[in-house]
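A look at the structure
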Protein chains: 2
Amino acid sequence: MGDGTADRRPGGRNARVRNQILSATAELVARHGVTGFRYEEVAELAGVHRTSVYRNWPDREKLVAAALLQYAEDLASIADTGDLRKDLVDYLVRIATGLQTPFGRALESAMQLTDDSPAVRQTVALILEERGAALRRRVATAVDRGELPKVDSVFLGEMLAGPTRLVVNRGGRTFTRADAERIVDVVLAGIRATASEREN
Amino acid sequence: MGDGTADRRPGGRNARVRNQILSATAELVARHGVTGFRYEEVAELAGVHRTSVYRNWPDREKLVAAALLQYAEDLASIADTGDLRKDLVDYLVRIATGLQTPFGRALESAMQLTDDSPAVRQTVALILEERGAALRRRVATAVDRGELPKVDSVFLGEMLAGPTRLVVNRGGRTFTRADAERIVDVVLAGIRATASEREN
């Protein structure tokens, strides 16, 4: 990226080129995996010259990492409307929608990478950490308000996101808001029931 | 595969070559995805001549499908010991173990294939169907015995397998029997609690 601040202003030519390159990268990673795309393809899909890609991201892993981070900025939030069930249902619907975008598929592909790729691994870890922190804060608020017994928010996140991801990734049927509600209802009821069993 | 029955007997040379080729295929699909491997690599990893691969599976999709099917034969069962909790915990431990084998990773890769590949899609669908049928039978028995309220066994399967797959695929920590028990306990309690809410 240029080194003058003018080059970095949102909407500037460099910012636009950068966005085009990162979107194209996410799209190609989604299609072919982290190791399965070529710089030439990125340039072609982004509609920029090949040297723009090379110059800005000489390191292929850093290119993938940047594409994933750009995507993740939208995703790490969970609202607090005061209604825990609604907020969790919205969260699952957002996860499901995100998984169906090129960025979401790119993230999936990066998460299942078996080859070692430190920059990508690190980015995925960072994204998951941010998401985990958002859920932890929302759960802590719910526990404070007496809506939930004390619960491991990582486990709660796995119980909610796991079935959601399975349905979306398997692709056999559309994931609906009713699916999200059914998952949230069973998990919240199960967490409450097993907590009271432990107390008795 | 040869057309004489002698060629097909278990332990025969053809059967051995076939197994080597299918195992190598699964390993490579696990590493590089369904579209990311070459016949030359299969032959090299299997320790056979390239023409053995081409002759037996001229169609690349059918090669992948055969590799997946061979793997799945071990996986479609759920025991009935009379103890539903134990049988489901064993089932999740088996899913987790399976996901960490080359065959399991190949199946994962095939399930998330975005390109269209009818033979592979069909095989994955068949494998999932067999697995679904096994769970459906086990759940029906549990309902008959009064261990569970009537429940959609597909949904139950998603609630159980989803978190299991998430933990294993994310790879941040080892999936243990205690993880399987915690998942089964919350899901069974949640299914029972939401069913009795519906009845009241």
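Residues numbered from 1 in each chain as written. Chains lettered and ligands numbered in written order. Predicted model: local features only at pLDDT ≥ 70, side-chain atom pairs only at ≥ 80, totals over all residues. Heavy atoms only, no water.

**Some words on the overall build of chain A**
Note the cut-off: A run of H or I in DSSP counts as a helix once it spans at least four residues, and a run of E counts as a strand once it spans at least two, with each numbered from the N terminus. Burial classes follow relative accessibility: with a 1.4 Å probe on protein chains only, a residue under 20% of its type's maximum area counts as buried, one over 50% as exposed, and anything between as partly exposed. Contact definition: two residues touch when any of their heavy atoms are within 4.5 Å. For every accessible area listed, the method is Shrake-Rupley and the probe measures 1.4 Å; residues are considered covered only by the protein chains on display.
In terms of helices and strands, chain A carries 9 helices and 0 strands. Its helices and strands in sequence order give chain A the pattern α-α-α-α-α-α-α-α-α, from N to C terminus. When the 200 residues of chain A are sorted by exposure, 49% land in the buried category. Taking the contacts inside chain A whose residues are at least 6 apart along the sequence as the reference set, 66% of them involve residues at least 24 apart. For chain A, the exposed surface amounts to about 9800 Å²; the carbon and sulfur share of it is 49%.

**Comments concerning the relation of the copies chain B and chain A**
Under the convention used in this document: Least-squares fitting of one copy onto the other uses the C-alpha atoms of those residues that reach a pLDDT of at least 70 in both copies.
In the superposition of chain B on chain A (RMSD 0.0 Å, axial shift 0.0 Å), the rotation amounts to 180 degrees. A rotation of that kind, with that shift, is consistent with a two-fold axis. A share of 100% of the interface residues of chain B reappears at the interface of chain A, consistent with the copies meeting face to face through the same patch.

**Notes on the interface of chain B and chain A**
Heads up, the rule is: Defined here as a combined quantity, buried area equals the accessible surface (1.4 Å probe) lost by two parts on assembly, summed across both. The working definition used for a salt bridge is a side-chain nitrogen of Lys or Arg within 4 Å of a carboxyl oxygen of Asp or Glu. N or O atoms within 3.5 Å of each other form a polar contact, as long as, within protein, one can give a hydrogen and the other can take it, and as long as residues adjacent in sequence are counted only when both atoms are side-chain atoms.
Counting residues at the interface gives 31 residues for chain B, matched by 31 residues for chain A. Of all residues in chain B, B:Glu158, B:Arg170 and B:Val186 give up the largest surface area on contact with chain A, accounting jointly for 21% of the area buried on that side. Taken together, the connections running from chain B to chain A amount to 4 salt bridges. With its nearest N and O atoms 2.8 Å apart, the salt bridge here joins A:Glu158 to B:Arg173. For the pair chain B and chain A, the interface holds 4 residue pairs in polar contact (both at pLDDT 80 or more).

**A few points about the environment of B:Leu68**
Residue and element names in this part refer to chain B. Turning to its location among the elements, Leu 68 is positioned in helix 5 (residues 60–72). Measuring from C-alpha to C-alpha, the distance between Leu 68 and Ile 127 comes to 8.4 Å, with 59 residues separating the pair along the chain. Among all residues touching Leu 68, those that are not within four sequence positions of it are Ala 106, Leu 107, Ala 110, Val 120, Thr 123, Val 124 and Ile 127.

**Details of the packing of aromatic side chains**
Residue and element names in this part refer to chain A. As a reminder of what qualifies: Within 6.5 Å between ring centres, the rings of Phe, Tyr and Trp (the latter by its six-membered ring) count as paired, and their orientation is classed by plane angle as stacked under 30 degrees, edge-to-face over 60, tilted in between. Counting as a charge over the ring demands two things of the Lys NZ or Arg CZ atom: a distance within 6 Å of the ring centre and an angle within 35 degrees of the ring normal.
A full pass over the atoms with the stated rule returns 2 aromatic pairs over all chains. Seen in terms of ring centroids, Tyr 39 and Tyr 54 are 4.6 Å apart; in terms of plane orientation they differ by 25 degrees. Their pairing is stacked. Taken together, the positions of Tyr 39 in helix 2 (residues 39–46) and Tyr 54 in helix 3 (residues 50–56) put the pair 15 residues apart, joining distant regions of the chain. Note on Tyr 39: relative accessible area 6%, which makes it buried. The cationic tip of Arg 60 hangs over the ring face of Phe 37; the distance from NZ or CZ to the ring centre is 4.3 Å.

**Details of the pattern of salt bridges**
Residues and elements named next belong to chain A. Overall, the coordinates contain 28 salt bridges over all chains when judged by the stated rule. Asp 80 serves as the salt-bridge partner of Arg 138, at 3.4 Å between the closest nitrogen and oxygen. Separated by 58 residues along the polypeptide, Arg 138 in helix 7 (residues 118–144) and Asp 80 in the loop between helix 4 (60–72) and helix 5 (84–99) bring together distant segments of the chain. Residue Arg 138 is classed as buried on the basis of its relative accessible area of 3%. With its nearest N and O atoms 2.9 Å apart, the salt bridge here joins Asp 90 to Arg 177. Here Arg 177 lies in helix 9 (residues 177–199) and Asp 90 lies in helix 5, a separation of 87 residues in the sequence. One salt-bridge network, in which partners are shared between bridges, spans Asp 80, Asp 87, Arg 138, Arg 145 and Glu 147.

**A short note on the packing of helix 6 (residues 84–99) of chain B against helix 9 (residues 153–170) of chain B**
Angle between the axes and distance between the axes are the two parameters that describe a pair of packed helices. All names here are of chain B. Rule in force here: Whenever a helix is involved, its axis is fitted only over the stretch in contact; in every case the axis is a line through C-alpha atoms, and angles between N-to-C directions fall within 0 to 180 degrees. Crossing handedness is defined as follows: a turn of the near helix away from the far one that is anticlockwise and smaller than a right angle gives a left-handed crossing, while the clockwise case is right-handed. Only Asp, Glu, Lys and Arg are considered charged in this grouping, and only Ala, Val, Leu, Ile, Met, Phe, Trp, Tyr, Cys and Pro are considered nonpolar; every other residue, Gly among them, is considered polar.
It is the contact of helix 6 with helix 9, at a shortest axis distance of 10 Å, that shows an interaxial angle of 35 degrees. Handedness of the crossing formed by helix 6 with helix 9: right-handed. Contacts between helix 6 and helix 9 involve Leu 88, Leu 92, Ile 95, Ala 96 and Leu 99 from the former and Leu 160, Ala 161, Thr 164, Arg 165, Val 168 and Asn 169 from the latter. Grouping the constituent residues of the contact of helix 6 with helix 9 by class yields 8 nonpolar, 2 polar and 1 charged.

**Remarks on the packing of helix 2 (residues 13–32) of chain B against helix 7 (residues 102–111) of chain B**
All names here are of chain B. To keep things clear, this is the line we draw: Angular relationships are summarised with four words: roughly parallel below 35 degrees, roughly antiparallel beyond 145, roughly perpendicular across 65 to 115, and oblique for the angles in between.
Contact geometry of helix 2 with helix 7 gives a least axis separation of 7 Å together with a crossing angle of 55 degrees. Taken together, the axis directions place helix 2 and helix 7 in an arrangement best described as oblique. Two packed elements cross with a definite hand, and for helix 2 against helix 7 that hand is left-handed. Contacts from Leu 22, Ser 23, Ala 26, Glu 27, Val 29 and Ala 30 of helix 2 reach helix 7 at Pro 102, Phe 103, Arg 105, Ala 106 and Ser 109. Considered class by class, the residues forming the contact of helix 2 with helix 7 number 7 nonpolar, 2 polar and 2 charged.

**A short note on helix 8 (residues 118–144) of chain B**
Put simply, the rule reads: Helix span, expected: 1.5 Å multiplied by one less than the number of residues in the helix.
The terminal C-alpha atoms of helix 8 of chain B lie 38 Å apart, and with 27 residues this matches the ideal 39 Å at 1.5 Å per residue to within 8%. Just downstream of helix 8 of chain B, B:Gly146 is the residue with a positive phi angle, here 80 degrees.

**Things to note about the confidence of the model for chain A**
What counts here: Every residue carries a pLDDT, the predictor's confidence in it, which falls somewhere between 0 and 100.
With 88% of its residues at a pLDDT of 70 or more, chain A has an overall mean of 84. Averaged pLDDT values for the elements of chain A fall to 75 in helix 6 (residues 102–111) of chain A and rise to 95 in helix 2 of chain A.

**Topic: helix 9 of chain B**
Residue and element names in this part refer to chain B. Filter applied, for reference: Two axes define the bend at a residue: one fitted to the seven residues ending there, one fitted to the seven starting there, and the bend is the angle between them.
Between the first and last C-alpha of helix 9 there are 25 Å, a value that for 18 residues agrees with the 26 Å anticipated at 1.5 Å per step. Most pronounced at Ala 161, the bend in helix 9 amounts to some 25 degrees, and the proline Pro 163 follows within four residues. In terms of residue burial, helix 9 counts as a mostly covered element, since 16 of its 18 residues are buried. One side-chain oxygen of the residue at the start of helix 9 lies 2.9 Å from the amide nitrogen of Val 154, identifying that residue as Asp 152.

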